Amino acid sequence: MKPKFIKGLDLCETFYKEAVAPILDRNFPDLVYSAALLGDGSEVLGFDTPQSTDHDWGPRLQLFLGETDLREHRENIDQALRRELPVEIRGYVTNFAINDDATTFMSQDENAHINHRVDILSIRAFFEEVLNFDPMAEIRAADWVSVPEHNFRKLTAGRVFCDGLGQLEPIRDKLRYYPHEVWLYLLSTQWQRISQEEHFMGRCGQVDDDLGSRLIAARLVRDLMRLCFLIEREYAPYIKWFGTAFNQLACAADLVPVFQEVLQAASWEQRQQHLSTAYETIAAMHNALNITQPLSVKVTSFFNRPFQVINAGRFVEAIRAQIEDPDVLALPKRLGGFDQFVDSTDALVYVDRIKAIYI
C-alpha cells in the first residue's frame, strides 16, 4: 500500500522535526547548525505531485554546519543518522538507493544502517555550487546576469526549518530578486527580443508558411510570458515548470486565455488579433510600473505592411534610459541574462562557464 501523498516540503519538515533534530540533540547537544530544503526538486518549488515520488523525492534535507564543525563532526553526524534514523516517516522510507542514471529513489532495505539523504555541508559551498559566486560577499551586476533565473528561484523557494547559524535567511533575502537597475537591464533586453520578431509571424503567414507562422507565434508567446515574470518581479523557472509558475502570476487570469487563442488560431490573421490583445495588455502592465514615461499601448502597422506590432523597441530605449549604474551599463547592451540568449538545458547547468561572457 502506498502511503497517502504529502507535499514534499511538509514531509521533509516533519522528517527534520521528528527524526533528524532529536538525533542531533541527543548526540551533539552543543552543535550549532541550520537545516533546510533548497535547490533541486519539484517539491522545493511546491510543484510536486504523486508522480514526483518515483525519483529524487522523499524525506531529505540539507544540514548546514560551520566550517570547523563540518571538518570535525561531519563523519560522526553521518554515522549517527545512519544508525538512528527511523526506517520510515509518515509511511515514506528514509533509505535511498541509486538508479543507473544517478537519480535516487526510496527503497526498503534490511541493512542496519540507513542510506539517508541528509546532505551535510557548509552554507558557502552549497550556494557557490549553484551560483558560481559567494552570496555573502558583494554581488556584482555580472554575477546577477550570469546565473539562470531558475537557480535563483530554487534558492529563494523551498523552506528553512532551522537557521541556528543565522546565515540562510539573510542570504535568501539578499537573493530575493534582482537589484533595480539589473532588473531594468533584463526588462529592456526582453522587450528587445520581442522587437526582433514581432513582425515575422504575419510575414510567414503571408507567404503561406503556416508552420513558420505558428512557430514564431509560439516563440513570441514564450517571450511575452517571460516578460510578465520580469514585470511582476518573479524569477522564471526552467521550462518544465514555466507554464505552471506562469499560472500563479497576477496577470495569468487575463493572459492565459489569450495565449491559448494564439496557439490554437487557424490563420495568421487570427494569431495577430490575439497577439495584439496580449501586446496591449502587457504594454499597460509596463506603464503601471511607472519606471518610464507612459508609452502608447496601442498596436500599429509595421511600416505600411498589414502586420500589427507593439513596436517593442520603444520600450527598450525608454527603459535603458533609466539605467545609471556604470556596472550595469557596462554589460553587453543586447545580451541580457544568460537564459535570455541561451536555451540549452546542458548550458544552463554549467554556471561555472558562464561568467566569462560578461567580464
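Here goes a summary of the coordinates provided. Quick caveat, the model's predicted, so the values are computed rather than measured.

## A closer look at the nonpolar core
- The biggest cluster of nonpolar side chains holds 119 residues, and the ones touching the most others in it are Leu63, Phe127, Trp191, Phe246 and Ile282.
- In terms of residue count, helix α10 (residues 210-231) provides more of this core than any other element does, 11 residues in total.
- Ignoring anything within four residues of it in the chain, the contact list for Phe127 reads Leu38, Asn132, Phe133, Pro135, Leu155, Leu168, Ile171 and Leu175.

## A short note on the layout of surface pockets
- Considered as a void within the structure, the second largest pocket measures approximately 240 Å³ in volume.
- Lys2, Pro3, Phe5, Pro50, Thr53, Asp54, Gly91, Tyr92, Val93, Phe105 and Met106 together form the lining of the second largest pocket.
- Mapped onto the lining of the second largest pocket, the elements with two or more residues apiece are β4 (92-93) and β6 (104-106).
- Of the residues assigned to the lining of the second largest pocket, the class counts are 7 nonpolar, 2 polar and 2 charged.

## Thoughts on the side chain of Glu13
- Looking at the element boundaries, Glu13 is found in helix α1 (residues 8-27).
- Residue contacts for Glu13: discarding those within four places in its chain leaves Arg159 and Phe161.

## Notes on the packing of aromatic side chains
- Scanning all chains against the criterion turns up 21 aromatic pairs.
- Ring centres 4.0 Å apart and planes at 10 degrees place the aromatic pair Trp191 and Phe315 in the stacked group. You can see Trp191 sitting in helix α8 (residues 180-197) and its partner Phe315 sitting in helix α14 (residues 313-320), a full 124 residues away along the chain.
- Ring centres of Phe302 and Phe303 lie 4.9 Å apart, and the angle between their planes is 85 degrees; this geometry places the pair in the edge-to-face category.

## Concerning the pattern of salt bridges
- Using the criterion set out here, one finds 20 salt bridges in the structure.
- Between Glu149 and Arg226 there is a salt bridge, and its shortest N-O distance comes to 3.2 Å. Residue Glu149 is located in helix α6 (residues 149-156), and its partner Arg226 is located in helix α10; the two are separated by 77 residues in the primary sequence.
- Given the relative accessible area of 3%, Glu149 is considered buried.
- Look at Arg226 and you get buried, because its relative accessible area is 9%.
- In this structure, Arg214 and Asp210 form a salt bridge, with 2.7 Å as the shortest nitrogen-oxygen distance. Of the two residues, Arg214 and Asp210 are both situated in helix α10; the distance of 4 residues between them amounts to about one turn of the helix.
- By relative accessible area, which is 34% here, Arg214 ends up partly exposed.
- Here the salt bridges do not stand alone but share partners, grouping Asp10, Glu13, Lys17 and Arg159 into one network.

## Quick notes on the sheet that holds strand β7 (residues 118-121)
- Pairing is mixed in the open sheet, where 4 strands are placed in the order β7-β2-β1-β8. Bordering the open sheet on either side are β7 and β8 (159-163), each of which pairs with just one other strand. Neighbour-to-neighbour, the strand axes of this sheet turn through a mean angle of 20 degrees, independent of strand direction.
- One ladder, built from 4 bridges, connects strand β1 (residues 33-37) with strand β2 (residues 61-65); its direction is antiparallel. Bridging from a neighbouring strand, Ser34 pairs with Phe64 of β2.
- Against the sheet, α1 makes contact with β1, β2, β7 and β8, and its axis sits at roughly 20 degrees relative to β8, the strand it touches most.
- Contacting β2 and β7, helix α3 (residues 67-84) runs over the sheet at an angle of about 160 degrees to β7.

What counts, and at which threshold
- Residues numbered from 1 in each chain as written.
- Predicted model: local features only at pLDDT ≥ 70, side-chain atom pairs only at ≥ 80, totals over all residues.
- Heavy atoms only, no water.
- Core = buried A, V, L, I, M, F, W, Y, C linked by side-chain atoms within 4.5 Å.
- Buried < 20%, exposed > 50% of the residue type's maximum accessible area, 1.4 Å probe, protein only.
- Helix = DSSP H or I, 4+ residues; strand = E, 2+ residues; numbered from the N terminus.
- Contact = heavy atoms within 4.5 Å.
- 1 Å grid on protein atoms, 1.4 Å probe; cavity = no way out; pocket = protein on both sides within 12 Å on 5 of 7 lines; lining within 4 Å.
- Points joined across faces, edges and corners; volume = space filled by probe spheres on them.
- Nonpolar A, V, L, I, M, F, W, Y, C, P; charged D, E, K, R; others polar.
- Phe/Tyr/Trp six-rings, centres within 6.5 Å; stacked < 30°, edge-to-face > 60°.
- Salt bridge = Lys/Arg side-chain N within 4 Å of Asp/Glu carboxyl O.
- Pairing = 2+ DSSP bridges.
- Axes fitted to C-alpha atoms, helices over the stretch in contact; angles between N-to-C directions.

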